[in-house]
Amino acid sequence: MAQLVLKREPRVLAAGSLLIIVGIALLLHRLDIVSLRWDKLFWLVGVTGGGFLVADGFTRRRRGRVFWGSVLFLGSLYFVLLRFGVLARYDFPLVPMLFVVFGLSFFLLYLADLRATTLLIPALLFTGAGGAAILW
């Protein structure tokens, strides 16, 4: 019974942390400290969930969680920066940013397993193509 509880603890911790963050954001919105709309809150939840998946993937050595968690984290981070006005909407088009996101995700996947040097090829190709398109 104790092993069953311990195996589920990170999931409960992630869900609880996510609910606490959403609750704090809603409280700050209710007190008129921060103006949040649901589209901003949605992407903040994506950043939090993606960050948890990346951290969990690195600690448990699960490559799928590292890759898709970093895609979720970096993609959501891009939209958070757009929604909060840090990036101008037309300065960074969506498709090149997706290339950069996937390139950086492949690089994080390589960092999870340093022996898989073939992952550097798509990391460099995606990041280079996206960076060149942004700079164009």
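Being a predicted model, the structure only gives us computed values, none of them experimental. (Residues numbered from 1 in each chain as written. Predicted model: local features only at pLDDT ≥ 70, side-chain atom pairs only at ≥ 80, totals over all residues. Heavy atoms only, no water.)

Draft legend 1. Quick look at the overall build of the chain. Check the secondary structure of the chain and you find 5 helices and 0 strands. Start at the N end of the chain and walk to the C end: the helices and strands fall as α-α-α-α-α. Considering the chain as a whole, with its 136 residues, one finds that 29% of them fall into the buried category. The long-range fraction of contacts in the chain, counting pairs at least 24 apart against all pairs at least 6 apart in sequence, stands at 56%. In the form shown here, the chain has an accessible surface area of approximately 9200 Å², with 72% of it arising from carbon and sulfur atoms. (Helix = DSSP H or I, 4+ residues; strand = E, 2+ residues; numbered from the N terminus. Buried < 20%, exposed > 50% of the residue type's maximum accessible area, 1.4 Å probe, protein only. Contact = heavy atoms within 4.5 Å. Areas by Shrake-Rupley, 256 points an atom, 1.4 Å probe, with all protein chains shown as cover.)

Draft legend 2. Spotlight on the packing of aromatic side chains. Considering all chains together, one arrives at 10 aromatic pairs under this definition. When the ring of Phe67 is compared with that of Phe102, the centres are 6.1 Å apart and the planes differ by 45 degrees; the resulting orientation is tilted. Of the two residues, Phe67 sits in helix 3 (residues 63–83) while Phe102 sits in helix 4 (residues 94–112), which places them 35 residues apart along the sequence. Classification of Phe67 as buried rests on a relative accessible area of 9%. Phe102 sits in the partly exposed class, given a relative accessible area of 26%. Taking 4.9 Å as the distance between ring centres and 55 degrees as the angle between the ring planes, the aromatic pair formed by Phe67 and Phe106 counts as tilted. Of this pair, Phe67 sits in helix 3 while Phe106 sits in helix 4, and the two are 39 residues apart along the sequence. Under the relative-accessibility criterion, Phe106 is labelled buried at 18%. (Phe/Tyr/Trp six-rings, centres within 6.5 Å; stacked < 30°, edge-to-face > 60°.)

Draft legend 3. Main features of the environment of Leu28. Topologically, Leu28 is positioned in helix 1 (residues 2–30). Take Leu28: its relative accessible area is 29%, and that puts it in the partly exposed class.

Draft legend 4. The nonpolar core, seen in detail. Residues Val66, Phe67, Val71, Leu74, Val101, Phe106, Leu109, Tyr110, Ala116, Leu119 and Ala123 constitute the largest nonpolar core, which totals 11 residues. Beyond its immediate chain neighbours, meaning those up to four positions away, Leu74 contacts Val101, Leu104 and Ser105. Counting 5 residues, the second largest nonpolar core, distinct from the first, contains Tyr78, Leu82, Leu87 and Met97. (Core = buried A, V, L, I, M, F, W, Y, C linked by side-chain atoms within 4.5 Å.)

Draft legend 5. View of a nonpolar patch on the surface. On the surface, Phe58, Phe107, Leu111 and Leu114 cluster together into a nonpolar patch covering about 350 Å² of accessible area. One can find Leu114 in the loop between helix 4 and helix 5 (120–135). Looking at Leu114, the relative accessible area reads 53%, which means it is exposed. (Patch = residues over 30% accessible without salt bridge, like charges linked within 9 Å, V, L, I, M, F, W, Y side chains within 5 Å. Salt bridge = Lys/Arg side-chain N within 4 Å of Asp/Glu carboxyl O.)

Everything listed here is a matter of geometry and, on its own, says nothing about what the molecule does.
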